[in-house]
Each structure stands twice: as structure tokens, then as C-alpha cells.
Amino acid sequence: MVRELVDKSKLVATFSIVGADPETGEVGVAVQSKFLAVGSVVPWAKANVGAVATQSWANTAYGPEGLALLEQGMAPEEVVAKLVSGDPGRNLRQVAVINAKGEASAFTGEECYDWAGHKVGKHHSAQGNILVSEETVTAMSETFEKTEGPLAERLLKALEAAQHAGGDSRGKQSAALYVLQEGAGYGGYNDVKVDLRVDDHPEPIEELQRLYELHKLYGMPSEAFVDIEGAVFEEIKQQLVKLELLERADQPEYEGEVQEALKTFALRENFDDRWTEERKIDDKVLEFLRQQ
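Definitions and cut-offs
- Residues numbered from 1 in each chain as written.
- Predicted model: local features only at pLDDT ≥ 70, side-chain atom pairs only at ≥ 80, totals over all residues.
- Heavy atoms only, no water.
- Pairing = 2+ DSSP bridges.
- Helix = DSSP H or I, 4+ residues; strand = E, 2+ residues; numbered from the N terminus.
- Axes fitted to C-alpha atoms, helices over the stretch in contact; angles between N-to-C directions.
- Contact = heavy atoms within 4.5 Å.
- Phe/Tyr/Trp six-rings, centres within 6.5 Å; stacked < 30°, edge-to-face > 60°.
- Buried < 20%, exposed > 50% of the residue type's maximum accessible area, 1.4 Å probe, protein only.
- Lys NZ or Arg CZ within 6 Å of the ring centre and 35° of its normal.
- Core = buried A, V, L, I, M, F, W, Y, C linked by side-chain atoms within 4.5 Å.
- Salt bridge = Lys/Arg side-chain N within 4 Å of Asp/Glu carboxyl O.
- Parallel < 35°, antiparallel > 145°, perpendicular 65-115°, else oblique.
- Left-handed = near helix turned anticlockwise from the far one by under 90°.

A. Fine view of the sheet that holds strand E4 (residues 50–55). Spatial ordering of the open sheet is given by E3-E4-E5-E6, a layout of 4 strands whose pairing is antiparallel. One side of each edge strand has no neighbouring strand; the edge strands of this open sheet are strand E3 (43–46) and strand E6 (104–108). In this sheet, neighbouring strand axes are inclined to one another by 10° on average, regardless of whether the strands run parallel or antiparallel. In terms of strand pairing, strand E5 (residues 94–99) meets E6 through 5 bridges, oriented antiparallel. Considered in E6, the bridge of Val97 is made with Ser105. The strands touched by helix H1 (residues 62–71) are E3, E4 and E5; relative to E4, the strand with the most contacts, the crossing angle is about 150°. Packing against the sheet, helix H2 (residues 76–85) makes contact with E5 and E6, and its axis sits at approximately 150° to E5.

Here it is as C-alpha cells:
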């Protein structure tokens, strides 16, 4: 058998979760592995179609082929069956497929290394191989179902719970978060809402969470603005002088030099989506300015 000839130290120990939010149209994958740059192998997704996670001697053709089959109208269970039926290495494969409706299906080959398995639940499928125990997948699934909020945050919470429950038996190295939603990409030009990867790190999930917080700051639209007046106006001027973007803090009006200086700061720090020409400042930009 192929399994008997394999050096287990070279296998990819991985746990992942595919998820969908039918109400928002979000679909995505979160994954962690003892493998360099797992985000380049496991997660695949397409807005309004679904997502695929391919792992354990991953057949990367499962990604694009699975999404194409979903787009043709196949149910996830049919897609999984189609993918593995013609694959001579299927007994060593693990794959999960979910559509935009939240219907999911998964497959774990009988020769995948213990512990290996999957759990399909409401709007998700959690799976892993070479894990400490089944609890890793159980924790992923249960956490996803009881967590609220954007899909990306639910996937991240599930990943974190999986690691706390045991995770990979061989350790940690990389992680990724990939979420799509129609028109949710940068500037509205594409569907990539979140695409974050930690390719090599001693604590990949923690680093992925840190990057996600930065992504929320830089890559998500404003939710609240503060009027630039009174004490806020004076504070902004003082900070701009400190940053040498404004010559003096006794400028009486916002329009003119103060506005241009603040705009320079905002765009220099990549707060393009949080800038407004009105006499207001995004609350997160204000907090960031205060910390300079």
C-alpha cells in the first residue's frame, strides 16, 4: 500500500473549516497547518458559488474543479463524489465543499493518518488530519455554530478553538483566511473581502488574528465619524504639528491648511476608504492619530 511507503514526517498536518453565510453571501475558508504557506494550497472560493478546502496529500485540482461543478448547479455531496471518484490517490485525500446556500459535504480518505476526520454542520464543514484528537474538529464545529458576526470572524474563532483543543500533532507553521463576497474587495472592484496569509510563524493563528485586526482598520469601510470641532479640532491640530504636517496649531479654520494636512496624514497611512471631504474624521483614524 502507498501508505506503508510514506515518511510520516513529510506529511501535511492540517485542520480547516469551510463556511458560508447565506444572508450576506459570504463564503470562505480558514486553515492552519504544519506546512509552509498553507494558504497557497488549501483554500479556494468564489463569490455566489461556494468554497473548497483540499488537504492531506492535497489535490489542488479539487479547488477549481470543485468550484466549477458547484457553479454548474451540482450539490456539494455530488461535487465531492465527482472529485474523488476518478482520483487514484483518493484514500489519502481530504476535501470539504460548501455552496453559497450553506450546504456542505466532506470526504476523508481511509488511509489519512490519525486522527483524521470531518464534521459537517450548519453552514460549515470542519476537518483535519494528523491531529491530536477528534476534539480539534469538534471544537471548530461547535465554536463556528455558536459564534456570531462576520463570517471571517466566525472562521477565525473556530480556528483558535481548534488549536486550543489540541490542533496538529506535529505543531504549527502557517495559517490563512480567505473570504469572498460580491463587490466586497478593495474599491469594490472584485469580490475578495479578506485574503490574509501567515506563511511561516511560530504562532500562525495569533499572527493571523493580528493581521485581521489590521485588515479591519485599513480594509473595511467606516462605521462612525466624529465632528471636527471644539476640543477634537484642537487635538487634531496639535497632533498634525507634532507630525510636522502642519506649521502651527493656531489655525482658526478647518478648511484650508488643516484639512490638507489631515488628508495628507490619512492617505499617507493608507486610510483611503476612511477619508471624507466633510468636516468629520473617522473614529478609528482619530484614535490612530492620537497614538502617533
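Next comes the rest of the description.
B. Fine view of the packing of aromatic side chains. Within this structure, the stated rule accounts for 4 aromatic pairs. Between Tyr218 and Phe271 the ring centres are 5.1 Å apart and the planes differ by 15°, which places this aromatic pair in the stacked class. In this pair, Tyr218 is assigned in helix H5 (residues 204–219) and Phe271 in the loop between helix H7 (257–268) and strand E12 (280–282), connecting sequence segments 53 residues apart. For Tyr218, a relative accessible area of 29% gives the class partly exposed. Taken together, a centroid distance of 6.3 Å and an interplanar angle of 75° make the contact between Phe233 and Tyr254 edge-to-face. Placement of the pair is Phe233 in helix H6 (residues 230–242) and Tyr254 in the loop between H6 and H7, with a sequence separation of 21 residues. For the pair shown, Phe233 and Tyr254 are each scored as buried. The ring of Phe144 has Arg154 sitting right over it, with the charged end atom 4.0 Å from the ring centre.

C. Inspection of the nonpolar core at higher detail. Among the nonpolar cores identified, the biggest contains 25 residues, and Met140, Leu155, Leu177, Leu208 and Tyr212 are the most heavily contacted of them. Counting only elements with at least two residues in this core, the list comes to strand E1 (14–21), helix H3 (135–146), helix H4 (151–164), strand E9 (174–180), strand E10 (192–198) and H5. Counting residues per element, this core draws most heavily on H4, which supplies 7 residues. If near-sequence neighbours (up to four positions away) are discounted, Leu177 is found in contact with Val29, Ala30, Ala152, Leu155, Leu156, Val194, Asp195, Leu196, Leu208 and Tyr212. In terms of nonpolar packing, the next biggest core, distinct from the first, is built from 20 residues, Phe233, Leu240, Phe265 and Phe271 among them.

D. Here's a closer look at the pattern of salt bridges. This structure, assessed with the given rule, holds 18 salt bridges. A salt bridge links Arg279 to Glu255, with the nearest nitrogen and oxygen atoms 3.8 Å apart. Taken as a pair, Arg279 in the loop between H7 and E12 and Glu255 in the loop between H6 and H7 lie far apart in primary sequence, 24 residues in all. Given a relative accessible area of 31%, Arg279 falls into the partly exposed group. What makes Glu255 partly exposed here is its relative accessible area of 47%. For Arg290, the salt bridge identified is with Glu287, shortest N-O distance 3.7 Å. Highlighted residues: Arg290 and Glu287, both in helix H8 (residues 283–290), separated by 3 residues, approximately one helical turn. Using a relative accessible area of 37% as the deciding quantity, one classes Arg290 as partly exposed. A network of salt bridges, in which partner residues are shared, links Glu153, Glu213 and Lys216.

E. Seen up close, the packing of H1 against H2. As a packed pair, H1 and H2 sit with axes 10 Å apart at the nearest point and diverge in direction by 140°. It follows that H1 is oblique to H2 by the angle criterion. The crossing of H1 and H2 is right-handed. Taking contact as the criterion, the partners of Tyr62, Glu65, Gly66, Leu69 and Leu70 in H1 are, on H2, Pro76, Val79, Lys82, Leu83 and Val84.

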